[in-house]
Amino acid sequence: MSYFNTTKKGEIQELREGIGSTNLRTKKDSMKRVIGAMMAGTDVSSLLASVLVNMQTTDLELKKLIYLYLVNYSKSEPELAVHAVNSFLKDANDTNPLVRALALRTMASIRIEQIAEYMCEPLHRCLNDKDPYVQKTAVLCVAKMYDINPQLVEDEKFLDTLHTLLSNGNPLVVTNSVATLAEIQTAHPETTIFQITPDILQKMSAALSQASEWGQITILDALAAWYTPQSPKEAETLAERVSIHLSHNNSSVVLSSTKVIIKLSEYITDLNLVDKLMKKLTQPLVSLLSSFPEMRYIALRNLNLIVQRLPSLLVSEISVFFCKYNDPIYVKMEKLEIIMLLVNEQNVPQVLNELKEYATEVDIDFVRKAVSAIGRCAILLPGAAGLCVDTLVHLIETSQVNFVIQEAIIVIKDVFRRYPNKYESIIGKLFSKIEELDEPEARASMIWILGEYADRIEGADNILETYFLENFADEPHIVQMAILTASVKIFLAIPSSQPLVQSVLKIATKKTDNPDLRDRGFIYWRLLSVNKDMAKAILNTPKPPISTHKDLVPKDVLAELIPYLGTLSSVVHKVPDSAAPTGQAPKQTSIPSGDFAFQQEELVPASQTQSYPPPTSHNFDAQANDEELIDFGAFGLSAYNTPAPASSGIDLDFLTGMMGGTPAAPPKIDYNFDALPQLALHEGVCVFGQFGQLNRKTTFFLRFKNNSATPITRTDFRFNTNSFALKPQSADLGPFPIQPGQQRDVAISCDFDQSQLKVTGPDVQVGIQCDLGMIMFAARAKILSLTQYNLAADQSKPKASSVKNRNATHSIQNASNFNEFVQRVSSYGFVETNRMVKDGLTAVQLFNEIPALNALLVVELILKDNQAQCVSRTEPEYLAQMLNEELTHILV
Amino acid sequence: MLSALFILDETGKPIISRDFRGDIPLKHISRNFINNFLEEDDNLVKPIFIVDSITYVTHKHGDLYLLAVGRGNMNVTTAMVMLGKLVDVFKTYFETVSEESIKDNFALALELLDEMVDFGYAQVYDPSALKTAVFQQSRRLTNVRAMPPPTGAVSWRQSVPPIYYEENKVFCSVVENINYLVAANGTVISSEIKGSIQMDSQLSGMPELHLGLNDKLAFHQSSASGMDPNTQAANRTIDLEDVHFHQCVRLSKFDTNRTISFIPADGKFELMSYRMGKLLKPLFSVTSQSYEFEGSRFETTIHVTTNFKQKSMTKTLSLLIPVPSDVDTPSFETTIGVCQYKPELNCIKWSLGQVNGKKTCAMRAQMGLPTMSSSKPSAVAPPIKIMFEIPLFTVSGIHVRHLTINESSGYTGIPYINYKTQSGEYLVRQDPPKIIKP
């Protein structure tokens, strides 16, 4: 019997009779057919009245079918539906908890306001039912009711009941309460309905260990969204607790636990513990990939974010991201993205072998992406560039597939851009394939190579003429532009090719209707006719190196996305705008070339959008634009040797400060860098450092260790305004790049700058801006490293006596070395301003000053009855505490 | 949370649907799904997409599409897991989950959904817990009592009324799926064991089970806390990575003293799953050499060697060897087993049956090629796939030491323990055929 064939005429009538039958079997069968018709999309709403008659049945199977029908059709005739209320109310009082819950659940799902009002009384009762099944159902009914009539929920104080239920003994009741409160809070961010107080936190974390997998997700999501730890200790305890759930086989539990742990780790100060927690994430994250394909896709999108946030976490697991032959294309593409995020000098041979394998597969888009990835490896990893180029050449020589060759040539052009004059030996091999190129981009790339290396390619002018000039008028714009530029470059290299360049310029300026091409043609023409040398200088200007950035999501967006792991945001890599439901523009960026687009109303107006470099495959386009600009005439760029960000065009700031060329390797510094304390850990970059003295100058000793997967190509080193008016002399830690795994030891000498003076405390806030973002930390400054060494004793005496305020005294052990103590203090430039020896008492007054701070330092060492004491006095007072601490250090 | 859930047939037509929240007009969902998923260009298809601010989460199962839709920044991972697990639950009720079985059991499916999901939140997903609350008869289940499903701390097992079996027994099988990707030259590109312990509990009351595994098991979670790799090698421990447990296992207890103790769910369930990466030697070594005589014939020779210990024996072993399309008149020679040409897969299936360890078998196939071919000689050689099953053998060496059953009534249950190693996805890449011009 089929329940789905209901299109016959008179069917509805037949069903009506069936439902009205006195035989229970017939009734049930007819009711099932009604539901079947409903599912098939037939309108059976006209049966509402007949169905309602049967509501009082005691047969549960029939009752469930009727309720299912009511949920679907009550809305079409609310007046009739209200007649069902009495039956509902009766059922909500039934002795069987299943019936009570069913009635309440159905009633709340009907979503008619009048019915909501009738619901209040049974809902109150069911929230306090003795059966937890009824309670958990009732809890969700509060959410349903809030959706229909929020005012009613507030008036009836249901939310207070939910808060009480958070301490219920049944985990499902607790988690449903959390879900309901969280949902209402999300929908109304302006309210404070759900706040995770220490008390609630305790209840949630108790329920976490007992809850079902779904309940765990609810609790973890709520923690990720609203919980901020009050102390590092609290964060530690909770993180340990949550980490148990990483071994759940439900992928969503794993992802939700991961985001909570990452979020909490930001509050934990014990870096070892953080490290340990992060290590625990690796394996569970890897196993997300063993789920079914659609789940793998979600997992990969999330892993992409996690890898960007914590690059070291999965770098040793790169082989799990290698594509399987039968992975769906969307999985392969995502895997390739992650492989490119993880590739480094160590694993690049393995990765290249894989990419080469992918280049033999059938799916065109995937193969192209794989080939272009080989080029990206070359650009990212200078050490592996040779290997990558070999792989590309191998592909060009052996591949029988046309688009592989074309794609390879496109990326080789980029490799040439990155490493000028390094791999020109392969040019011959490229030109053997010149006839097979039919795609505009591949042709344009080939022409660019031809122009760039015109002086080294035999007969470059003939090649251009033979292969590219014939159909100049029909070529796409990009190829025409390339031909124009290349012909000028060739002429500059081979003066005998003048007829060629003239004919090209003529076509470009006279026979084209493309204004770009014509304008460029005119400029070249004039340039060549006015001054050939200048033309040469302009056209052969070194181009800005191609970008080595592989970060796709900007740091601030990334940081905001982490608490949303597992949600839609993490899949589309966009920050949700739930924070601005009232129509204000969301503060976040939108992705220009995303595969998904949020609904138009959610899009940020263009003027408010700060866009960031578009994902990978688009990078080269942006660079191509740069290159066009340069070819066209970026004057005086010859000294430009810092990488420009891919998409921002040419930043003129560089001209002001960075003309100096590559800094020389730093001289060997006589300092034990291994003893430096660790100050910060950021994205895999580890910073050690402290203030000290080098050649009697205040110096910041810094060890910069790059454990991330990204080479560091630039740094900027700054102090915040501080109590000592300190300012670093040099701002970068060159020479660059600092490769992953490398470390750099530098001694940064510091100057005094009054504009930097602001009394804050003994710590100096230090910021290092690098490729991976801003690294911030605080370093304790040392007063004794700021002192003077050339003081005259006579001038110092009155100053010393002017310091009046007296502060801490501390006794010194081992008084027999009294003279040595005096020596030690003097070694910091202190001069002796007073000495008194009388009746077994020896007192020595030592003085120093810090002119930049108008600071006067007085240290008095007193020896009496074999008891040594040290008294320090300072002006201004805020230095007293510090001086005291440092003295303790040198005297003990 | 989900707003609604659909089960669609292969053409995108809804078979059943359930609206949980009423915040989405359901009229166009099916059409949007067809336009943006089924008829979308292959390269642009994503399992998650957004149309008109509504998020679509899709999961394909056989000839069905499961589709969850929702608004706002929903937790799509949860939605996807819910779809995946929905299929699992349906399976225990209707054996197979297909268009036909859903149509036959649509009322039951709807009733199940009603218990499993409320207002878009997953509630009770445990098949054994659902039994008492569902009345529609499927082809397998009869006689239910009207009881709410358990929701308490032991939500996976009903306590009232107690479960009763005439004969108390529990089956425990350790199943390891072996995934390998081997390059043509024999080097292992990636490898992993995905093992699981599958339970089938037929025990009365509320029994407490303790499962003991080899002492040498090192769970990866602990090795994160700094175990010395040298001592690990010396003890020859089995290093399990990423262990996952069924929710019945007391994780806190496992965390403190490494015992797996649990009150089992009733019937079949997966107690634990684990993963082991970076294996040593592949179970099978395969070499293949193929020639394509352009326009006349295609020849391939395959050698396969079993590397596991000699006394183990495969229950089944077969290789799927891809060949060019449009071949004809195949002829085979084998040292063991039989070959069959499968034109629908463009493959030769070589079935070897029972093979002991440390043996080498060979196969040679010759097939004609069309003399005139529009396509160029195929430079692509898809990987060879190996399918096998080895009973009473685990690659990892994991071993159940004891399985004790304690129940307050004091009956003695009988544990049955079984081991099996089988192929997950065992692929061996091959070099493209050497092309010999006529």
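Within every chain, residues take consecutive numbers counted from 1 along the sequence as written. To label them, take the chains in the order written and letter them from A, then take the ligands in the order written and number them from 1. In keeping with the model being predicted, local features are shown solely for residues with a pLDDT of at least 70 and side-chain atom pairs are shown and tallied solely at 80 or more, while totals for entire chains, interfaces and linings include all residues. Based on all heavy atoms of the structure, the side-chain values leave hydrogens and waters out of the count.

## What to know about the overall build of chain B
A tally of regular secondary structure across chain B gives 8 helices and 25 strands. Here's how the labels work: a residue is buried when its accessible area is under 20% of the maximum for its type, exposed when over 50%, partly exposed in between, all with a 1.4 Å probe on protein chains only. With 438 residues in all, chain B has 55% of them scored as buried. For chain B, restricting intrachain contacts to residue pairs at least 6 apart in sequence, the fraction spanning at least 24 positions comes to 69%. Surface accessibility in these figures is a Shrake-Rupley result with a 1.4 Å probe; residues are shielded only by whichever protein chains are displayed. Of the roughly 18600 Å² that chain B leaves accessible, carbon and sulfur atoms contribute 50%. Counting from the N terminus, the helices are the DSSP runs of H or I reaching at least four residues and the strands are the DSSP runs of E reaching at least two. Residue contacts follow a heavy-atom distance rule, with two residues in contact if any of their heavy atoms lie within 4.5 Å.

## Examining the interface of chain B and chain A
Tallying the contact residues gives 86 residues for chain B and 99 residues for chain A. For the chain B and chain A pair, buried surface summed over both sides reaches about 7900 Å², with 59% attributable to carbon and sulfur atoms. We define a salt bridge as a contact between a side-chain nitrogen of Lys or Arg and a carboxyl oxygen of Asp or Glu at a distance within 4 Å. Where chain B meets chain A, there are 9 salt bridges. Note that Arg429 of chain B and Glu357 of chain A form a salt bridge whose closest N and O atoms lie 3.6 Å from each other. In the analysis that follows, any N or O atom pair within 3.5 Å is treated as a polar contact, provided that within protein one partner can donate a hydrogen and the other can accept it, and provided that, for residues neighboring in sequence, both atoms belong to side chains. Taken together, chain B and chain A are joined by 31 residue pairs in polar contact (both at pLDDT 80 or more). In terms of residue count, the dominant contributor to the side of chain B that touches chain A is helix α2 (residues 76-94) of chain B (8 residues). The buried area of a pairing is the accessible area, by a 1.4 Å probe, that goes missing from both parts when the two are put together, added over both.

## Overview of the sheet that holds strand β6 (residues 743-752) of chain A
Residues and elements named next belong to chain A. When DSSP finds at least two bridges between two strands, those strands are taken to pair. Strand order in the open sheet made by the 5 strands is β1-β2-β3-β6-β5, with antiparallel pairing throughout. If you trace the sheet from one side to the other, it starts and ends with β1 (678-682) and β5 (726-728), each paired once. Strand-to-strand twist across the sheet, computed as the mean angle between neighbouring axes with direction ignored, equals 30°. Only C-alpha atoms enter the line fits that serve as axes; for helices the fit covers just the stretch in contact. Angles between N-to-C directions range over 0 to 180 degrees.

## A word on the pairing of strand β8 (residues 773-780) of chain A
Residues and elements named next belong to chain A. Here strand β7 (residues 763-770) pairs with β8 via 8 bridges, running antiparallel. Note on β8: the bridge partner recorded for Asp763 is Arg780. Between the antiparallel neighbours β7 and β8 lie 2 residues.

## What to know about the side chain of Ser109 of chain A
The residue Ser109 of chain A is located in helix α7 (residues 97-109) in this model. Setting aside chain neighbours within four positions, we find Ser109 of chain A in contact with Val71 and Lys144 of chain A.

## Some points on the sheet that holds strand β21 (residues 360-368) of chain B
Residues and elements named next belong to chain B. With respect to topology, 5 strands assemble into an open sheet ordered β18-β21-β16-β15-β25, the strand pairing being mixed. Edge positions in the open sheet fall to β18 (328-334) and β25 (434-436), since each of these has one partner strand only. Neighbour-to-neighbour, the strand axes of the sheet open up by a mean angle of 15°, direction not taken into account. As judged from the 3 bridges shared by strand β15 (residues 284-293) and β25, these two strands associate in the parallel manner. Within the sheet, the bridge partner assigned to Phe293 lies in β25 and is Ile436.

## Some details on the environment of Gln340 of chain B
Residues and elements named next belong to chain B. Note that Gln340 resides in strand β19 (residues 338-342). The class for Gln340 is partly exposed, based on a relative accessible area of 44%. Distance from Gln340 to Pro330, taken between C-alpha atoms, is 8.8 Å for residues 10 residues apart in sequence.

## Quick look at the pattern of salt bridges
All names here are of chain A. All told, the structure shown has 48 salt bridges over all chains when counted by the stated rule. A salt bridge links Glu11 to Arg33; its shortest N-O distance comes to 2.5 Å. Pair noted here: Glu11 is in helix α1 (residues 11-20) and Arg33 is in helix α2 (residues 24-39), with a separation of 22 residues, a long-range link. A residue is classified by how much of its surface remains accessible, and Glu11, at 2% relative accessible area, is buried. A salt bridge links Arg703 to Asp745, with the nearest nitrogen and oxygen atoms 2.8 Å apart. Residue Arg703 is located in strand β3 (residues 697-706), and its partner Asp745 is located in strand β6; the two are separated by 42 residues in the primary sequence.

## Here we look at the confidence of the model for chain A
When pLDDT is low, close inspection of the predicted coordinates is not appropriate. Residues and elements named next belong to chain A. Looking at chain A, pLDDT values average 80 and 86% of them are 70 or higher. Averaged pLDDT values over the elements of chain A bottom out at 32 in helix α34 (residues 654-657) and peak at 94 in helix α16 (residues 251-265). Contacts for the low-pLDDT stretch residues 578-666, under 50 throughout, to residues beyond four places or in other chains number 132 contacts. One number per residue, pLDDT, summarises how confident the predictor is, and it ranges from 0 to 100.

## Considering unusual backbone geometry
Residue and element names in this part refer to chain B. Backbone geometry at Asp326 places phi at a positive 60°, although glycine is not the residue there. With respect to the element layout, Asp326 can be found in the loop between β17 (316-322) and β18. Of note, the phi angle at Lys358 is positive, near 55°, even though the residue is not glycine. Topologically, Lys358 is positioned in the loop between β20 (347-351) and β21.

## A short note on the environment of Asn54 of chain A
Residues and elements named next belong to chain A. By the element assignment, Asn54 lies in the loop between α3 (48-53) and α4 (60-73). Looking at Asn54, the relative accessible area reads 11%, which means it is buried. A sequence separation of 35 residues divides Asn54 from Ile19, and the C-alpha atoms of the two residues are 8.0 Å apart. Among the polar contacts listed, one links the side chain of Asn54 to the backbone oxygen of Ile19, at a separation of 3.4 Å. Only 2.6 Å separates the side chain of Asn54 from the side chain of Lys27, close enough to count as a polar contact.

## Re the nonpolar core
Residues belong to a common nonpolar core when they are buried Ala, Val, Leu, Ile, Met, Phe, Trp, Tyr or Cys residues joined through side-chain atoms within 4.5 Å. Counting 272 residues, the largest nonpolar core has Met31, Tyr69, Leu70, Leu123, Leu355 and Phe416 of chain A as its most contacted members. Counting residues per element, this core draws most heavily on α2 of chain B, which supplies 12 residues. The residues that make up this core include at least three from each of domain 1 (1-143) and domain 2 (162-438) of chain B. Those residues in contact with Leu355 of chain A that lie beyond four places of it in its chain are Leu336, Ala370, Ala373, Ile374 and Cys377 of chain A. Source of the domain bounds: an automatic or database domain assignment.

## Overview of α2 of chain B
Residues and elements named next belong to chain B. The length a helix should cover is 1.5 Å for every residue beyond the first. Its 19 residues place the ends of α2 27 Å apart at the C-alpha level, agreeing with the 27 Å of an ideal helix rising 1.5 Å per residue. Structurally, the start of α2 carries an N-cap: the backbone nitrogen of Thr77 is 3.2 Å from a side-chain oxygen of Asn75. Backbone geometry just after α2 places Glu95 at a positive phi near 65°.

## Some points on the packing of α2 of chain A against helix α4 (residues 106-116) of chain B
Relative orientation and spacing of two packed helices are given, respectively, by the angle between their axes and the distance between those axes. The N-to-C vectors of α2 of chain A and α4 of chain B enclose an angle of 80°; their axes lie 10 Å apart at closest approach. Accordingly, the angle class assigned to the pair α2 of chain A and α4 of chain B is roughly perpendicular. Mapping the contact onto sequence places Lys32, Ile35, Gly36 and Met39 of chain A in α2 of chain A and Phe106, Ala107 and Leu110 of chain B in α4 of chain B. The residue classification treats Ala, Val, Leu, Ile, Met, Phe, Trp, Tyr, Cys and Pro as nonpolar and Asp, Glu, Lys and Arg as charged. All others, Gly included, are polar. Residues that form the contact of α2 of chain A with α4 of chain B fall into these classes: 5 nonpolar, 1 polar and 1 charged. Orientation is classified from the angle alone, with under 35 degrees giving roughly parallel, over 145 giving roughly antiparallel, 65 to 115 giving roughly perpendicular, and any other angle giving oblique.

## Observations concerning helix α20 (residues 348-358) of chain A
Looking only at α20 of chain A, the buried set comprises Val348, Val351, Leu352, Glu354, Leu355 and Tyr358 of chain A. Summarising the axial view, the buried residues of α20 of chain A lie within an arc of 160°, below the 170-degree limit, and thus occupy one face. For α20 of chain A, the secondary structure elements touched by its buried residues are α19 (329-342), α21 (364-380) and α22 (385-398) of chain A together with β9 (188-202) of chain B. Each direction from the helix axis to a C-beta atom contributes to the arc, which is the arc of those directions.

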